[in-house]
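# A look at the structure
Each chain, written out:
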Amino acid sequence: MTRRPTSRTPSDQPEHQPESTPPQPEPARSTRAPKAAKKTAKKAAKKTAKKVAKKVTEKAARSAEAAGPVKAKSRRTSTPAAEAPRTTATATATAEAAPSPTAPATPTTADTPTTPATPSPSPSKSSVPESDRARLLDGTHHDPHSVLGAHLSGDGVAFRALRPYARAVTVVVGELRAELADDGDGFFSAVVPLRAVPDSYRLRVAYDGAELEVPDAYGFLPSLGEFDLHLLGEGRHERLWDALGARPMTHQGVRGTRFTVWAPNARGVRVVGDFNFWDGVGFPMRSLGGSGVWELFVPGLAAGELYKFQITRPDGGMTFRADPVARRTEVPPANSSVIDESAHVWGDEEWLRRRGETPVHEAPFSVYEVHLASWRPGLSYRELADQLPAYVADLGFTHVELMPVAEHPFGGSWGYQVTGFYAPTARLGSPDDFKHLIDALHRAGIGVLMDWVPAHFPRDDWALAEFDGRPLYEHEDPARAAHPDWGTLEFDYGRKEVRNFLVANATYWCEEFHIDGLRVDAVASMLYLDYSREHGEWSPNEHGGRENLDAVAFLQEMNATVYRRCPGVVTIAEESTAWDGVTRATHHTGPGGFGGLGFGLKWNMGWMHDSLGYMSKDPVHRKHHHNEMTFSMVYAYSENYVLPISHDEVVHGKRALVSKMPGDWWQQRADHRAYLGFMWAHPGKQLLFMGQEFAQGAEWSEGHGPDWWLLDPAYGAEADHRGVRDLVRDLNALYRATPALWQRDTDPGGFAWVDGDAAEDNVFAFLRHDAQGAPLLAVSHFSPVVRQDYRLGVPEEYAAWQEVLNTDAARYGGSDVLNPHALKPDATPSHGRPTSLRLTLPPLATIWLRPA
């Protein structure tokens, strides 16, 4: 896979720093701060609150309908820099908060005064202990819920809140109003004379000029269950995206968003975003035991908000990280994660029901490879849904293969350097927009494959690299972690949590987006420890070999899981070596001692390289390279193959397919057509990259995509390009209607050479047979001359043969040398058969014949 370096974006500052948030002073370490310092801090808080009040009020108003009414004393409510999310400000007044996780939830109706009260207890009995205060301010507290929120104390219930920039905080319990004491540094506390922790309470937070009422985020039990944590710990959570990331949900009767992230090396984690003006002091997350997972439920926070995780590293430094399991992102180069909640209603039930009826290796399978961002530059997912399905269906392809759609920072990588493994790129729209495109393709009868890249990831320091301050997703050995070719990092396939992240990601695309197949990129780079490494730059495995046993186990687990969970889905390996058993079942051990990798199909890179090498030669020299076209049949049934003419073959100086051909423009087009006819008849499935279906002469560029202007009727040579596209349409139509061309692709009995040795004539002739034995005769002639009365042996049981395809037909741009009438064999033996045909071979052409 040809790639370019990824972009780099610093991460130690969040992507979005509001202009209204001034630099904050170093927090005091004691509640007994000097009066001058307290005065300065209060002035700064007032100044900040005034600046952001208008912004927060506008945000709160936009979300009011979804979250409910707000109790407020002023006409307009607002939230300062470190306050609760904007949707929290509009949380439903009747929503009940959960009891504190540190005390049992006990009904308190009898204990609640029936008239408003404002106790004034001593703050010393309820204020946050100094050790907890310091850790909360430093962002290193593992259990903020044990300190903040509501907890039983000797004199009642102690309420503690961390609300930087607030002027006052009042607890609201039914009709009770209890103002908390200001303990400094944003801490507020009081002991309220209640006999039990209330089932429900809210915090009324006052700022200069505004007041809002919100549920307390620290009054909720953990929102991630023990079974989820168990599966995460085992590395077996097959729906990982349901457990980690940002998930809008109703928790203990309150609507909000649960944030969870795996960061086992972190000293502390906070969630930051637009909703708190990227100041995480008031939003510390709790560590859920030894799982390495951090969690916080933020009430009132809904889809559409930007967020990141603020992680305190083992060395005490801070880093702001995008969510590894974010289901939506900002449009690059911005890199924050976005809370997402799908509203798409699928309409492809019939497609999903039928797609697994026939095993893929026994079904027609011709693929149109697409780079979505450049197929029609400027189109969104929804606009593509109006054009791409109709175009692909018209040409008769059974599937499209999408170059990587997962989020990536640098467009020039074409998506092969992924930072958002669970998020479709936001360049073209939202995740629901992408679902709409897939839905439209399915309803048009077209399967959707996508490139998936578990081999490596870029080093951008707001993403996965040293995510929590130490190697986490990458191998801890720098020599194992660094990819030698692409400047990226390789995953640590031996770590169960990392395997879980990737295996679940494979099923995520299939289950959530109804993807029909995953083409796994760069498999060879995963399988070998010495891939692109010189002697001394790698260490052998435990058996002394060069195989990456962790990667083998990962690929086997991934394939087994996908096939078990997603009936009808196919996995395809881009594997360029002779690794044994790529498409063999994982439980079948091969001669090398390994079980199969379990893929459904494998790209035949050898066929691609050899056949293009042959076609690039002048016809007079092709006889010396004849075996390059026949050698593929020596190993054609060792794996289940796809024949790929992919994007990799038409970029970076390799030239477009038609431009690889020798001779003048007529000969180039003729060779192009003849080659496609040979490819569609050869055992294996077909894949053709966009633009090659109409013989685009220029290399592909992600900047402008295919040269569609070549098909403009006003262009003088339009007929030349339209003719090639018409041929592709006819190839697909005949292919789908002829089971001999696909039903026995993996069965040696489905193929027989008629003449594979006609090197002097540059001719290749073979038979394909379907499950009932019905044949198709394919003859490719790669010389620029007409050969009359060319004799080929054929099965004797058929009385006549009819030409059904001729790539030299005038409507395709050829010279129209045809075999227009039925051809009757005679009793002249030829090529080991008792009967034979005499036919005319057009110049630089492929013809298909079937029994008449």
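Residues numbered from 1 in each chain as written. Predicted model: local features only at pLDDT ≥ 70, side-chain atom pairs only at ≥ 80, totals over all residues. Heavy atoms only, no water.

A separate point is the sheet that holds strand S7 (residues 202-207). The strand order S4-S3-S7-S8 describes an open sheet built from four strands, whose pairing is antiparallel. Whereas interior strands pair on both sides, the edge strands pair on one side only; in this sheet they are strand S4 (176-179) and strand S8 (210-215). Each adjacent strand pair in this sheet contributes to an overall mean axis angle of 25°, direction not counted. Relative to S4, strand S3 (residues 168-173) runs antiparallel, the two sharing four bridges. The residue of S4 that forms the bridge with Thr 170 is Glu 179. (Pairing = 2+ DSSP bridges. Helix = DSSP H or I, 4+ residues; strand = E, 2+ residues; numbered from the N terminus. Axes fitted to C-alpha atoms, helices over the stretch in contact; angles between N-to-C directions.)

Core analysis: the largest hydrophobic core is formed by 177 residues, its most contacted members being Phe 259, Leu 372, Phe 434 and Trp 509. Residue contributions to this core peak at nine residues, all from helix H10 (residues 496-512). Val 171, Tyr 201, Val 205 and Val 214 belong to the second-largest nonpolar core, a separate cluster that totals 23 residues. (Core = buried A, V, L, I, M, F, W, Y, C linked by side-chain atoms within 4.5 Å. Buried < 20%, exposed > 50% of the residue type's maximum accessible area, 1.4 Å probe, protein only.)

Here we come to the pattern of salt bridges. As enumerated under the stated definition, the model contains 48 salt bridges in all. One salt bridge in this structure joins Glu 407 and Arg 427, with 2.8 Å as the shortest N-O distance. Pair noted here: Glu 407 is in strand S19 (residues 406-407) and Arg 427 is in the loop between strand S20 (420-424) and helix H8 (431-443), with a separation of 20 residues, a long-range link. The partly exposed category is assigned to Arg 427, whose relative accessible area is 31%. (Salt bridge = Lys/Arg side-chain N within 4 Å of Asp/Glu carboxyl O.)

Okay, unusual backbone geometry next. For residues besides glycine, phi is generally negative; the peptide bonds are generally trans as well. The linkage connecting Pro 332 with the following residue, Pro 333, adopts the cis geometry, with an omega of 10°. With respect to the helices and strands, Pro 333 occurs in the loop between strand S15 (318-321) and strand S16 (337-338). Residues other than glycine seldom take positive phi values, yet Ala 695 does so here, at roughly 55°. Along the chain, Ala 695 turns up in the loop between strand S26 (685-689) and helix H18 (718-737). A residue is classified by how much of its surface remains accessible, and Ala 695, at 0% relative accessible area, is buried.

The strand order S1-S2-S6-S5 describes an open sheet built from four strands, whose pairing is antiparallel. One side of each edge strand has no neighbouring strand; the edge strands of this open sheet are strand S1 (149-153) and strand S5 (181-184). The mean inter-strand angle of the sheet, taken between neighbouring strand axes irrespective of direction, is 25°. Direction of pairing for strand S2 (residues 156-162) relative to strand S6 (residues 187-192): antiparallel, over a ladder of six bridges. Of the residues in S6, the one forming a bridge with Arg 160 is Ser 189. With respect to the sheet, helix H2 (residues 130-138) is in contact with S2, S5 and S6, its orientation differing from that of S6 by roughly 140°. (Contact = heavy atoms within 4.5 Å.)

Every buried residue of helix H3 (residues 226-234) is listed here: Leu 229, Leu 231 and Leu 232. Around the axis of H3, the buried residues are gathered within 160° of arc, so they sit on the same side. In H3, those exposed residues whose orientation departs by more than 90 degrees from the buried face are Glu 226 and Phe 227. (Arc of directions from axis to C-beta.)

Right, let's get into H8. At 3.6 residues per turn, the α-helix brings residues three or four places apart onto the same side. Between its terminal C-alpha atoms H8 stretches 18 Å, which fits the 18 Å expected from 13 residues at 1.5 Å a residue. All of the buried residues along H8 are Pro 431, Asp 432, Asp 433, Phe 434, Lys 435, Leu 437, Ile 438, Asp 439, Ala 440, Leu 441 and His 442. One or two steps after H8, the chain reaches Gly 445, where phi turns positive at roughly 80°. (Expected span 1.5 Å × (residues − 1).)

Below, the discussion takes up the side chain of Asp 340. Inspection of the secondary structure assignment puts Asp 340 in the loop between S16 and helix H5 (349-354). Residues in contact with Asp 340, not counting those within four places in the same chain, are Pro 248, Ala 303, Arg 328 and Pro 431.

Between helix H7 (residues 381-395) and H18, the shortest axis-to-axis distance is 7 Å and the interhelical angle comes to 70°. When the axes of H7 and H18 are compared, the pair comes out roughly perpendicular. Counted together, Tyr 391, Asp 394 and Leu 395 of H7 and Arg 725, Val 728, Arg 729 and Asn 732 of H18 form the full contact between these two elements. Classifying every residue of the contact of H7 with H18 gives three nonpolar, one polar and three charged. (Parallel < 35°, antiparallel > 145°, perpendicular 65-115°, else oblique. Nonpolar A, V, L, I, M, F, W, Y, C, P; charged D, E, K, R; others polar.)

With respect to the element layout, Phe 275 can be found in the loop between strand S11 (268-273) and strand S12 (286-287). For Phe 275, a relative accessible area of 1% gives the class buried. Note: C-alpha distance between Phe 275 and Glu 305 (30 residues apart in sequence) is 6.9 Å.

As a further point, take the packing of helix H17 (residues 665-681) against H18. Two elements in contact, H17 and H18, have axes separated by 10 Å at closest approach and are oriented at 10°. It follows that H17 is roughly parallel to H18 by the angle criterion. Two secondary-structure elements touch here, H17 through Trp 665, Arg 669, His 672, Arg 673, Leu 676, Gly 677 and Trp 680 and H18 through Asp 720, His 721, Val 724, Leu 727, Val 728, Leu 731, Asn 732 and Tyr 735. Its residues assigned to classes, the contact of H17 with H18 shows eight nonpolar, four polar and three charged.

Shape is all these values report; function is a separate question.
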